[in-house]
Amino acid sequence: MFEHVEPFPGDPILALLEVFNADARPHKVNLGIGIYFDEDGRIPVLDCVRQAEARIAQEGGAKPYLPIEGLPAMRAEVQKLLFGADHPLLASGRLVTIQTVGSSGGLKVGADFLRRWFPASGVWVSDPTWDNHRSMFEGAGLPVDAYPYYDPATGGVRFDAMCEALRKLPPRSVVLLHACCHNPTGVDLSRAQWDTLVPLLRERELLPYLDLAYQGFGDGVEEDAYAVRRMADAGLSFFVANSFSKSMSVYGESSPPMHSGRLVAQVLGDPALRALWLRELAAMRERMLTMRQALHDTLLPRVPGRDLSYVLTQRGMFSYTGLSGAQVDRLREQYGVYLVRSGRLCIAGLNRGNVERTAGAMAAVMAG
């Protein structure tokens, strides 16, 4: 009965992780998977999360089913985090928030909603974008196309071409946008560009869908919510899929919604824990900025004549290196340095112990 079903090829990033784990070389470096590692190469357990877990454990109590839309305390705190505690929308009844299984769950629920209520709409994603964006919407039965975004010549955004493409879309087209820390390129829109884009979206009656999985990894929690608040202030109707898997380092806890939801609610709702989280999040952000600088400074003298400024101007966990698939293969096979084949490098995988070796390997493959 199921012979006609094609085998699923698997997630390319998780498949790469399996190859990495099987690699016996002691000097191997994993810069492919989007996980924040600390200076010792470990996934940190944030102290704010430890304290929240201890409080929840001490409270004990029954574990009934949550409402289908999720934990009320978490949903209320997330609204305040995204839109600002004093935003008029919080009291207007116009905000609808549901808790899902991670950001991917949010994207999937939104995609199914759009397929049901906007069946004639197409979805437009940035070129390039996270692979799952396309699969989520195509899996829901929506056609997916791409608008211009990344400029490999400048390492920036093809903003004029992006706006020109969006102006030609039919009304009610869905436009997937990265609110901050663009995945995979690390290249974000500036505030001025958001200020130009939002009126265009409103004028063309387009439906924005913001993906916000890295709030706090770019310029700060408040700063990284600029696109959300700008659209809210402009009166747009839009979707936001956000996640705490990375910012609270709870990757494996995205599946049990009650536990991770209560953690988020504890940290966001308690002023002391929230302040502690902001300090810890800032430390994570600053370490990644330090590693960007270290990679840039170590690599620059080894590849004279190359413009590496993009390493410093990109934001978040990733750097779009411009390396070809063949060069990425050489990095893995000859030097034990693992990147995603698109050339995306996870900055958080770097530390003082491996940045020198990584730069040397990158310089070698860049030289041919």
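Residues numbered from 1 in each chain as written. Predicted model: local features only at pLDDT ≥ 70, side-chain atom pairs only at ≥ 80, totals over all residues. Heavy atoms only, no water.

Peer 1: Looking at this model, I keep getting lost on the pairing of strand β8 (residues 239-242). Mind explaining?
Peer 2: Along any regular strand, the residues point their side chains to alternate faces of the sheet. Here four bridges tie strand β7 (residues 207-212) to β8, and the two strands are oriented parallel to one another. Within the sheet, the bridge partner assigned to aspartate 211 lies in β8 and is alanine 241. Between the parallel elements β7 and β8, the chain passes through helix α9 (residues 226-233) in a crossover that is right-handed. (Pairing = 2+ DSSP bridges. Helix = DSSP H or I, 4+ residues; strand = E, 2+ residues; numbered from the N terminus. Right-handed = clockwise from strand over helix to strand, strands pointing away.)

Peer 1: Where do I start with the nonpolar core in this structure?
Peer 2: Soluble globular proteins tend to pack their nonpolar side chains together in the buried interior. Grouped together as the largest cluster of nonpolar side chains are 93 residues, with contacts concentrated most on Leu166, Leu177 and Trp277. Ranked by the residues each element gives to this core, the list is headed by helix α11 (residues 271-299), at nine residues. In this view, leucine 166 contacts Tyr147, Val175, Leu197, Leu200, Leu201, Arg204 and Leu206; residues no more than four positions away in its chain are not counted. Val125, Val174, Leu207 and Ala241 belong to the second-largest nonpolar core, a separate cluster that totals 16 residues. (Core = buried A, V, L, I, M, F, W, Y, C linked by side-chain atoms within 4.5 Å. Buried < 20%, exposed > 50% of the residue type's maximum accessible area, 1.4 Å probe, protein only. Contact = heavy atoms within 4.5 Å.)

Peer 1: I'm lost on the pattern of salt bridges in this one. Help?
Peer 2: Note on pairing: side chains with opposite charge can pair once their charged atoms come close. Scanning all chains against the criterion turns up 18 salt bridges. As a salt-bridge pair, glutamate 77 and lysine 80 come within 3.3 Å of each other at their nearest N and O atoms. Of this pair, glutamate 77 and lysine 80 both sit in helix α3 (residues 72-83), three residues apart, which is roughly one turn of the helix. Of the residues examined, glutamate 77 reaches a relative accessible area of 14% and is grouped as buried. Overall, the relative accessible area of 32% leaves lysine 80 in the partly exposed class. In this structure, the salt-bridge partner of arginine 302 is glutamate 356, at a minimum N-O distance of 2.1 Å. Of this pair, arginine 302 sits in the loop between α11 and α12 (309-313) while glutamate 356 sits in helix α14 (residues 355-366), placing them 54 residues apart in sequence. Taking the relative accessible area as the measure of exposure, arginine 302 reaches 35% and is therefore partly exposed. (Salt bridge = Lys/Arg side-chain N within 4 Å of Asp/Glu carboxyl O.)

Peer 1: Sorry, what's going on with the pairing of strand β3 (residues 144-148) here?
Peer 2: Pairing between strand β2 (residues 123-127) and β3: five bridges, direction parallel. Paired with tryptophan 124 across the bridge in β3 is aspartate 145. Following the backbone out of β2, through helix α6 (residues 131-139) and into the adjacent parallel β3, one traces a crossover that is right-handed.

Peer 1: Please clarify how the environment of glycine 122 should be interpreted in this entry.
Peer 2: Mapped onto the elements of the fold, glycine 122 is located in the loop between α5 (102-117) and β2. Apart from the residues lying within four places of it in its own chain, the contact partners of glycine 122 are Pro143, Ser173 and Val174.

Peer 1: Can you help me understand the packing of helix α13 (residues 325-335) against α14 in this one?
Peer 2: Any two packed helices are characterised by how steeply their axes cross, that is the angle between the axes, and by the distance between the axes. Their axes nearest at 10 Å, the elements α13 and α14 cross at an angle of 130°. One way to sum up the angle between α13 and α14 is to call them oblique. Crossing angle aside, the handedness with which α13 passes α14 is right-handed. Contact with α13, carried on its side by Gln327, Arg330, Leu331 and Tyr335, involves Arg357, Ala361, Met362, Ala364, Val365 and Met366 of α14 and no other residues of that element. (Axes fitted to C-alpha atoms, helices over the stretch in contact; angles between N-to-C directions. Parallel < 35°, antiparallel > 145°, perpendicular 65-115°, else oblique. Left-handed = near helix turned anticlockwise from the far one by under 90°.)

Peer 1: Before we go on, may I ask you to explain the sheet that holds β7 in this structure?
Peer 2: If you trace the five strands from one edge of the open sheet to the other, you get β3-β2-β6-β7-β8, paired in parallel fashion. Of all strands in the sheet, those bounded by a partner on one side alone are β3 and β8. Sheet twist, expressed as the average angle between the axes of neighbouring strands with direction ignored, equals 30°. With five bridges joining them, strand β6 (residues 174-178) and β7 adopt parallel strand pairing. Residue pairing across strands places leucine 177 opposite leucine 210, the latter belonging to β7. Contacting β6, β7 and β8, α9 crosses the sheet at an angle of about 155° to β7.

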